[in-house]
Amino acid sequence: MAGRTDLRRRADARRKTAAERGWEYWDERPDLLERWQEAIVGAVPGRSAARFVVSGTLEGRRVTVFDCVDSAPTPLWSRLPRHTVWTVLLVELPEPLPLIAVSRHGLAVDTTVPLLKRMVGERPDRHLCEIGDPAYDEVHVVETTDPEVARQLLTPTVREFADDRAWLQWRVDGDHLCHVRPAATGPLTDDTAASTAELHSLVRLAEFLDRRSGHEARSAGRPPARTPTAEAPLRTAPHEQDARPCAMSRGNAARTGVFPEGPPPAGFEAWSVDLGAPVVAEPVACAGTVLVSCADGHCHALDAVTGAPRWRFAADSALKRSPALAGGTVFVVGDDGILHAIGADDGQERWRRRVGRSAAPVVDSGVVYLVHHPAYALRDASRLWALDAATGEPRWQRSLPDGSASGPAVADGRVHVHGAKGELSAFDAASGELLWHRPSGDTQLTCCTPSVADGTVYVGTGRGELHAYDAATGEHRWGSQAAGVIDNTPSVSGPLVLVGDSHGGAYACWAESGKPYWHIPSRYGASSVAISGTEGWFVSGKAGVGLFKVSLTAGAVLRRYLLDGSGTAPVLADGVVHIGTGKGTLLALDARTGRKPARGRRRMRV
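Residues numbered from 1 in each chain as written. Predicted model: local features only at pLDDT ≥ 70, side-chain atom pairs only at ≥ 80, totals over all residues. Heavy atoms only, no water.

Here the focus is the overall build of the protein chain. On a plain count of helices and strands, the protein chain comes out with seven helices and 42 strands. Burial analysis of the protein chain (606 residues in total) assigns 58% to the buried set. Here the contacts in the protein chain between residues at least 6 apart in sequence split such that 54% fall between residues at least 24 apart. (Helix = DSSP H or I, 4+ residues; strand = E, 2+ residues; numbered from the N terminus. Buried < 20%, exposed > 50% of the residue type's maximum accessible area, 1.4 Å probe, protein only. Contact = heavy atoms within 4.5 Å.)

The structure is reproduced here in structure tokens:
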């Protein structure tokens, strides 16, 4: 419930947004509420007002954002009136469409859906389209005046827009696309970032609806389609891609967690920078550059020797997955389900594609592989994408046998994917053909991305088991038990497999048999292990603030380092350890000495 101070802050934030974008601002517009009252479920007619309205052009379309402010009954013990606030986002369409309302109702197949059917049945001029699979509790209920056109418009691509957002409801009412954000239950905050991201998504959805319905997109103010240019060429020959530096989450496409050895570059001194937003995914370091994603939607490229910024890319939503670098292009996926391809030299976007909320991308032989994560991984289906790295065009797409909450591992021409219930599948990397599938009866969620080495797939489970399978046939080779859940990707170096669990610590076992070799206990668990030569690095300790260096042969801790916040899994490059923290710090240490940054090189501003 919002108070007067909250409303004043919201008004100030909207005025600032309007001024920065050159949009119009109104403190109140009664005509908007008259038009959209029906779309705002829960608002009471006669007690609401359309406040803090901003309207302007975004990507060539007229967009509008306003708050429906409803004065709630004032408690007897309170002297300040309280308000319920809904945020409404509108995108103008060139022509009316026959859709009235489109909703995704998870966990409501037996309750909400029958209620909507009865309500629509009372309107003789309205029809109902029901699209989806009730077995997965994933039903889209569409109220429409033209069922046939509605079925043509509501393709899987359109429905994915809703699938990526639990409980999303959007409407096409006449010539507008409308999304109402649920009522605020606490103090209002500056919603600029959230509204901008949702508006961009709605604009892209509107463009897709235009194409499906045969409408020509309006050209007034619309930026030209992205095409190859001399400054930013999109296509690169395969042999040129293979020759360029390549790095991604867990070191490589096979996710082995192995990084090359070597001394730090000349002139390197330990440093740390303040990125201004939490870092929740491990950075990527390669060819003198460190790439890191931040929760505020920025992807940073920094000089690996000095920490100096090279460029910064701003996405439309939070970036909580590691980027991937290949063929002179950086690939990163946002929480809004958009995959961005960014020039590694200049930080300029080359192309983008909606793939749904996904794991960190993997790039191999000019192809980007991603696993889409559904809203409910234990119940809903997932998809495996293979996209051309130069253009973003799909090469193939496959539905997975079950939901997934992990990423792909690519090795020896096969893509290996781990399901949320422990099912393991292998696909042909070129064609997408399913090569083998191992079902599992596990009912505990697992988020472990597999790793592949020497013809063997290694993967952890929600029951704390580490398993090894033949990569070519899927035959089970061995299983080993840890103390806690294994969500972290196993690392493989020569004869050893290393893994961290949720509350047992770090383990090493023999790759041939799975028999234990050593165990470094910690009731706080451990992250994935970054391996370089005979040494490994991982994060552990209370709240994940301890960085540990261990000997792989002896299983002994060689060095400890205290971080300023919860740390990501560490990565190594050119003898330097890189790690991000929840405080927004990116740290670079000499892997040999582990020496802290000098006072003048701590938390430098980017």
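Don't stop here, the text continues.
Attention now moves to the pattern of salt bridges. Across all of its chains, the model carries 23 salt bridges by this definition. In this structure, the salt-bridge partner of Asp274 is Arg605, at a minimum N-O distance of 3.0 Å. Remark: Arg605 occurs in strand β42 (residues 604-605) and Asp274 occurs in strand β10 (residues 271-274); sequence separation between them is 331 residues. Among the residues examined, Asp274 registers a relative accessible area of 9% and is labelled buried. Measuring nitrogen to oxygen at the nearest pair gives 3.1 Å for the salt bridge that ties Arg352 to Glu349. Within this structure, Asp274, Asp564, Arg603 and Arg605 form a network of salt bridges that share partners. (Salt bridge = Lys/Arg side-chain N within 4 Å of Asp/Glu carboxyl O.)

Turning our attention to the sheet that holds strand β14 (residues 309-314). Strand pairing in a sheet relies on backbone hydrogen bonds, with the paired strands running either antiparallel or parallel. With respect to topology, four strands assemble into an open sheet ordered β11-β12-β13-β14, the strand pairing being antiparallel. Strands at the two margins of the open sheet, each flanked by one partner only, are β11 (284-286) and β14. Averaged over all pairs of adjacent strands, the angle between strand axes in this sheet comes to 15 degrees, irrespective of strand direction. Here strand β13 (residues 298-303) pairs with β14 via five bridges, running antiparallel. The residue of β14 that forms the bridge with Leu302 is Pro309. (Pairing = 2+ DSSP bridges. Axes fitted to C-alpha atoms, helices over the stretch in contact; angles between N-to-C directions.)

What follows covers the sheet that holds strand β40 (residues 576-580). Read across the sheet, five strands follow the order β39-β40-β41-β10-β42 without closing on themselves; strand pairing throughout is mixed. Single-partner strands in this sheet number two, and they are β39 (571-573) and β42. Relative to β40, β39 is paired through three bridges, and the arrangement is antiparallel. In the strand pairing of β40, Leu572 is matched with Val577.

This brings us to the pairing of strand β38 (residues 557-562). In this structure, strand β37 (residues 546-551) lies alongside β38, joined through five bridges in antiparallel fashion. If you follow Val550 over to β38, its bridge partner there is Val557. Hairpin geometry of β37 and β38 is characterised by an intervening segment of five residues between the two adjacent antiparallel strands and by a positive phi of about 65 degrees at Gly555.

Let us look at the packing of aromatic side chains. Pairs of aromatic rings are described using the distance from one ring centre to the other and the angle between the two planes. Scanning all chains against the criterion turns up five aromatic pairs. Taken together, a centroid distance of 6.0 Å and an interplanar angle of 50 degrees make the contact between Phe331 and Trp351 tilted. Placement of the pair is Phe331 in strand β16 (residues 329-333) and Trp351 in strand β18 (residues 349-354), with a sequence separation of 20 residues. For the pair formed by Phe331 and Trp351, the shared burial category is buried. Aromatic side chains Tyr458 and Trp478 sit 6.1 Å apart centroid to centroid with 50 degrees between the ring planes, which places their arrangement in the tilted category. Taken together, the positions of Tyr458 in strand β28 (residues 456-460) and Trp478 in strand β30 (residues 476-481) put the pair 20 residues apart, joining distant regions of the chain. (Phe/Tyr/Trp six-rings, centres within 6.5 Å; stacked < 30°, edge-to-face > 60°.)

This part covers the environment of Ala13. By the secondary structure assignment, Ala13 is in helix α1 (residues 4-21). For Ala13, a relative accessible area of 12% translates into the label buried. Apart from the residues lying within four places of it in its own chain, the contact partners of Ala13 are Asp190 and Thr192.

Not every positive phi belongs to a glycine, and Ala287 is a case in point at roughly 55 degrees. Among the secondary structure elements, Ala287 is positioned in the loop between β11 and β12 (289-293). Overall, the relative accessible area of 54% leaves Ala287 in the exposed class. Although it is not a glycine, Arg603 sits at a positive phi angle of roughly 45 degrees. Residue placement: Arg603 occurs in the loop between β41 (585-590) and β42. The partly exposed category is assigned to Arg603, whose relative accessible area is 35%.

The subject of this paragraph is the side chain of Glu349. With respect to the element layout, Glu349 can be found in strand β18. Of note is the side chain of Glu349, whose polar atom sits 2.7 Å from the side chain of His340. Polar side-chain contacts of Glu349 include one of 3.1 Å to the side chain of Arg352. (Polar contact = N/O pair within 3.5 Å; in protein donor to acceptor, adjacent residues only side chain to side chain.)

Moving on: the nonpolar core. The biggest cluster of nonpolar side chains holds 29 residues, and the ones touching the most others in it are Phe331, Leu339, Val368, Tyr369, Leu370, Leu384 and Val415. Taken together, the elements giving at least two residues each to this core come down to β15 (324-326), β16, β17 (338-343), β19 (362-364), β20 (367-371), β21 (383-388) and β24 (414-418). The residues contacting Phe331, other than those within four sequence positions of it, are Pro323, Ala324, Ala326, Leu339, His340, Ala341, Trp351, Pro361, Val363, Val368 and Ala389. One finds Leu93, Ala150, Val172 and Leu209 within the second-largest nonpolar core, a separate group that totals 21 residues. (Core = buried A, V, L, I, M, F, W, Y, C linked by side-chain atoms within 4.5 Å.)

Right, let's get into the environment of Tyr469. Within the element layout of this structure, Tyr469 appears in strand β29 (residues 465-470). Assessed through its relative accessible area of 9%, Tyr469 is described here as buried. In sequence terms Tyr469 and Val459 are 10 residues apart; their C-alpha atoms lie 8.5 Å from each other. If near-sequence neighbours (up to four positions away) are discounted, Tyr469 is found in contact with Leu424, Arg438, Gly455, Thr456, Val457, Val459, Gly474, Glu475, His476 and Arg477.

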